[in-house]
Amino acid sequence: MTGGRALNTKKSRLPSAGAYVILGIITLPIILMYLWLLINSFTSQMKHGVIPTGFTLENWKFLWSNVVVNGTEMPSIWTATLNSLLFAGALTVLELVVGIMAGYALSRLNFPGRQGLLKTTMLLHAFPSVALLIAVFYILNFLGLFDSLWGVILVKTALQIPMTAWIIKGFFDDVSWDVEWAGLIDGCTRFKVWHTIVIPLVKPGIAAVSIFSFLAGWSEFLLLYTFILSDENITLASYLQKLMSNPNVINYGVLSAVSIFYMIPVLIFFIFTQKSLMQVSATGGKGV
Amino acid sequence: MKIELKQVCKSFTKGSNAVNDLSMTIKDGEFVALLGPSGCGKSTTMLMLAGIYKPTGGMIYFDDEPINHVEPKDRNIGMVFQSYALYPHMTVLENIMFPLKQMKVPKAERIVRAQAAAEQVQLGHLTARKPSQLSGGQQQRVALARAIVKKPRLLLLDEPLSNLDARMKIEMREEIRQLQKEIGITTVMVTHDQEEAMTIADRVAVMKDGSLIQYSTPMELYNRASNLFVAQFIGTPPMNFLKGDLVKAGDTYAYKENAHGSVLGIRPYDLKLGNQGNVVMNATISLVEPLGHSNLVSARIGDTLVRFFAESSYQAERGTAVVCSADLHSVSVFDKDSGYSQNVESCIKEAFAV
Ligand SMILES: Nc1ncnc2c1ncn2[C@@H]1O[C@H](COP(=O)(O)OP(=O)(O)OP(=O)(O)O)[C@@H](O)[C@H]1O
Ligand SMILES: [Mg+2]
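Since the model is a prediction, treat every value here as computed from it, not as a measurement.

1. Description of the domain arrangement of chain A
Residue and element names in this part refer to chain A. If you check the domain split of chain A, you get domain 1 (2-56) and domain 2 (68-277). If you average the C-alpha positions of domain 1 and of domain 2, the two centres end up 33 Å apart. Taken together, the contacts link five residues of domain 1 with seven residues of domain 2. Approximately 480 Å² of surface area, both sides summed, lies buried where domain 1 meets domain 2, with 76% of it carried by carbon and sulfur atoms. Counting the surface domain 1 buries against domain 2, the share from its top three residues, Leu37, Asn40 and Ser41, is 69%. Along the contact surface separating domain 1 from domain 2 lie zero salt bridges. Linking domain 1 to domain 2 there are two residue pairs in polar contact (both at pLDDT 80 or more).

Printed below as a string of structure tokens:
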């Protein structure tokens, strides 16, 4: 009996060990690259590009003082961080508010032109934002929103909405009509059913979408680089770009340090949200 | 509350009606069962009573008030959905309390009443669980408790017992019946199970393809089916159907097979071995199954297989020729084309005419 069971556990553990080995090998280059980045940011010089020599905090100086690169003074990293946070945060909120309402309408309400709208949403998403740069420039300029974070937030939201609405629609589709009807019969208005019953059921979906849109905002570069000029509106991605603006004299130590700094919020964000990314609410119905 | 449906229609697609010209009256405090095969429009009818679907034609009255355009929340109804439709993110107790919360019942009272409702469906010990942690039958009972907790004016039950085991089914059936009588809620229950409909309901509405076929008391349904479909649907074991005529010979009537004749229906309980009855037919035994208290006999009359009961001591070999008989008044006759019930006389032929 016991022998059999031990054998069993051994058997079931073997394939998972194999999985670890394979996954480990595949992720090794990425891990090594990150490791290199980390070490590089704390050394003054890398021998042959890989062996660190001498420990220094010099590269991290941008955290407490303004650094000068290639003769121009860089804007404060904290301004850039705040701007990045504002950009990603506002994008997430806007995208969620519009996306949830649009997703619900697309999934549940029957209105003329619904099918057409569904198709156009997909089409809109397929549009690369590069193709729109010039048109967007004219519009922003006309609205007086050029070189303003809010202008870019609006543009980015508009570009993201089709996909967000589409994903959230999928989550609403999975909520059975019966549950919604039960709410109506139990004495709620349609709106009350929506926010006391339906929204809690699509929470995992909302969590996933907000994480993705925050990350999309955090890593946005092209729109910000094109439509933001002034230093007080700079974001982290543009800050990094500024460090590399002259390809002949790039300080790789500082670049590594800023890159790591840029990554930290994403890592923290992932640690706190991975649970809700994984969690899928079990429904209480027969087939739903 | 009295409920009246007048020529109610509902169509989802152009040209076909899911519910077709349905007219029926449900008296105050009455228990009505909707019975019919899958897809005949039972759930659709319920959802129209609940106000979820708006009828495409006709009127629905609650106590003589037209309610076609009254929102579900203002109808004061309780409903058990075929899929239970529990709120997955709430505990059992929260689920049951939910209708009370919408009525603004104070929290303390809410908990007491919800707990009492949970006890009533024998779930008092599971109120802290989430629906996903319950079995299908338990979920179904939570749905029942949620439907009755606010003491609605109308209780709609869409197959509320389908997932319970046989014993629990009978227990819950009695519980529902008792509760319904106690507070006198008008109740409509959908079921596939004709036996359930017969035992629990004051009146049974048999539906087919969106139309009401017969609406009467269980006894009448059993004894005087208005139509071949109802006769086939009601009763276990099912009614025996024979195509042919009855040939009158003095006081007795002999069955004579005739593919173009009417359809004769005889309940298995009315068909007996021997010739005591005045409708007599010859049969060959194909199988005798002991049931304990009696034997179920399958036999052939002409080409048709019939079933009837015999004494538990009765034994017979396959192929034995026997005589069996029924009383003329227990024989139902249906038109072979329209399926409508007919007078028995219509299929009696005088001996000399043949
Ligand atoms: N939302 C809908 N859209 C289109 N057709 C529908 C819809 N709901 C029901 N129908 C159709 O209406 C008919 C009646 O459906 P209904 O759900 O009332 O059947 P039912 O008698 O409850 O069957 P069951 O016993 O299987 O639950 C079916 O043919 C079904 O396909
Ligand atoms: Mg149904």
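We are not done yet, so read on.
2. Here's the deal with unusual backbone geometry
Residues and elements named next belong to chain B. For the bond running from Thr236 to Pro237, omega is -15 degrees, close enough to zero to count as cis. Following the sequence through the fold, Pro237 ends up in the loop between helix 8 (228-233) and strand 11 (240-249). One non-glycine residue with positive phi stands out, namely Tyr84, at about 70 degrees. Look at Glu159: it is not a glycine, yet its phi comes out positive at around 45 degrees. A relative accessible area of 9% means that Glu159 is categorised as buried.

3. Structural notes on the confidence of the model for chain B
Residues with a pLDDT of 70 or more make up 99% of chain B, whose mean pLDDT is 90. Overall fold confidence for the complex sits at a pTM of 0.80, while the interface term, ipTM, reaches 0.84.

4. Some details on the packing of aromatic side chains
On inspection of all chains with the given rule, the structure shows 22 aromatic pairs over all chains. Ring centres 4.6 Å apart and planes at 25 degrees place the aromatic pair Tyr269 of chain B and Phe309 of chain B in the stacked group. Taken together, the positions of Tyr269 of chain B in the loop between strand 13 (262-266) and strand 14 (272-273) and Phe309 of chain B in strand 17 (residues 304-310) put the pair 40 residues apart, joining distant regions of the chain. Accessibility expressed as a relative area gives 44% for Tyr269 of chain B, which makes it partly exposed. Among the aromatic residues, those joined into a cluster by ring pairs are Phe42, Phe55, Trp60, Phe62, Trp78 and Phe261 of chain A. Taking NZ or CZ as reference, Arg146 of chain B lies 4.5 Å from the ring centre of Tyr87 of chain B, over its face.

5. Let's talk about the coordination of the magnesium ion (ligand 2)
Residue and element names in this part refer to chain B. In the first shell of the magnesium ion (ligand 2), the protein supplies Ser43 (OG) and Gln82 (OE1), at 1.8 to 2.4 Å from the metal. On the criterion of sequence distance, the pair formed by Ser43 in helix 1 (residues 42-50) and Gln82 in the loop between strand 6 (77-80) and helix 2 (92-102) is long-range, its members being 39 residues apart. Residue Ser43 is classed as partly exposed on the basis of its relative accessible area of 23%.

6. Quick look at the domain arrangement of chain B
One frequent convention defines the size of an interface as the accessible area lost when the parts assemble. All names here are of chain B. By the assigned domains, chain B splits into domain 1 (3-232) and domain 2 (237-353). For domain 1 and domain 2, the distance between their C-alpha centres works out to 39 Å. Contacts between the two partners involve eight residues from domain 1, matched on the other side by 10 residues from domain 2. Counting each side, the surface lost to burial between domain 1 and domain 2 is near 780 Å², with a carbon and sulfur contribution of 57%. The largest per-residue losses of area from domain 1 upon contact with domain 2 belong to Tyr222, Leu228 and Ala231, which jointly make up 61% of the total buried on that side.

7. Some words on the sheet that holds strand 6 of chain B
All names here are of chain B. Strand order in the open sheet formed by six strands is 6-7-8-3-9-10, with mixed pairing between adjacent strands. One side of each edge strand has no neighbouring strand; the edge strands of this open sheet are strand 6 and strand 10 (211-216). Here the average twist between neighbouring strands, direction ignored, is 15 degrees. Of the pairings in the sheet, the one linking strand 3 (residues 31-35) to strand 8 (residues 186-191) comprises five bridges and is parallel in character. Paired with Leu35 across the strands is Thr191, a residue of strand 8. In the packing of helix 4 (residues 136-148) onto the sheet, the strands contacted are strand 6 and strand 7 (154-158), and the crossing angle to strand 6 comes to about 175 degrees.

What counts as what
- Residues numbered from 1 in each chain as written.
- Chains lettered and ligands numbered in written order.
- Predicted model: local features only at pLDDT ≥ 70, side-chain atom pairs only at ≥ 80, totals over all residues.
- Heavy atoms only, no water.
- Domains from an automatic or database assignment.
- Contact = heavy atoms within 4.5 Å.
- Buried area = accessible area lost by both parts, 1.4 Å probe.
- Salt bridge = Lys/Arg side-chain N within 4 Å of Asp/Glu carboxyl O.
- Polar contact = N/O pair within 3.5 Å; in protein donor to acceptor, adjacent residues only side chain to side chain.
- Helix = DSSP H or I, 4+ residues; strand = E, 2+ residues; numbered from the N terminus.
- Buried < 20%, exposed > 50% of the residue type's maximum accessible area, 1.4 Å probe, protein only.
- pLDDT = per-residue confidence, 0-100.
- Phe/Tyr/Trp six-rings, centres within 6.5 Å; stacked < 30°, edge-to-face > 60°.
- Lys NZ or Arg CZ within 6 Å of the ring centre and 35° of its normal.
- Donors = N, O, S within 2.8 Å, 3.2 Å for Na, K, Ca; no water.
- Pairing = 2+ DSSP bridges.
- Axes fitted to C-alpha atoms, helices over the stretch in contact; angles between N-to-C directions.

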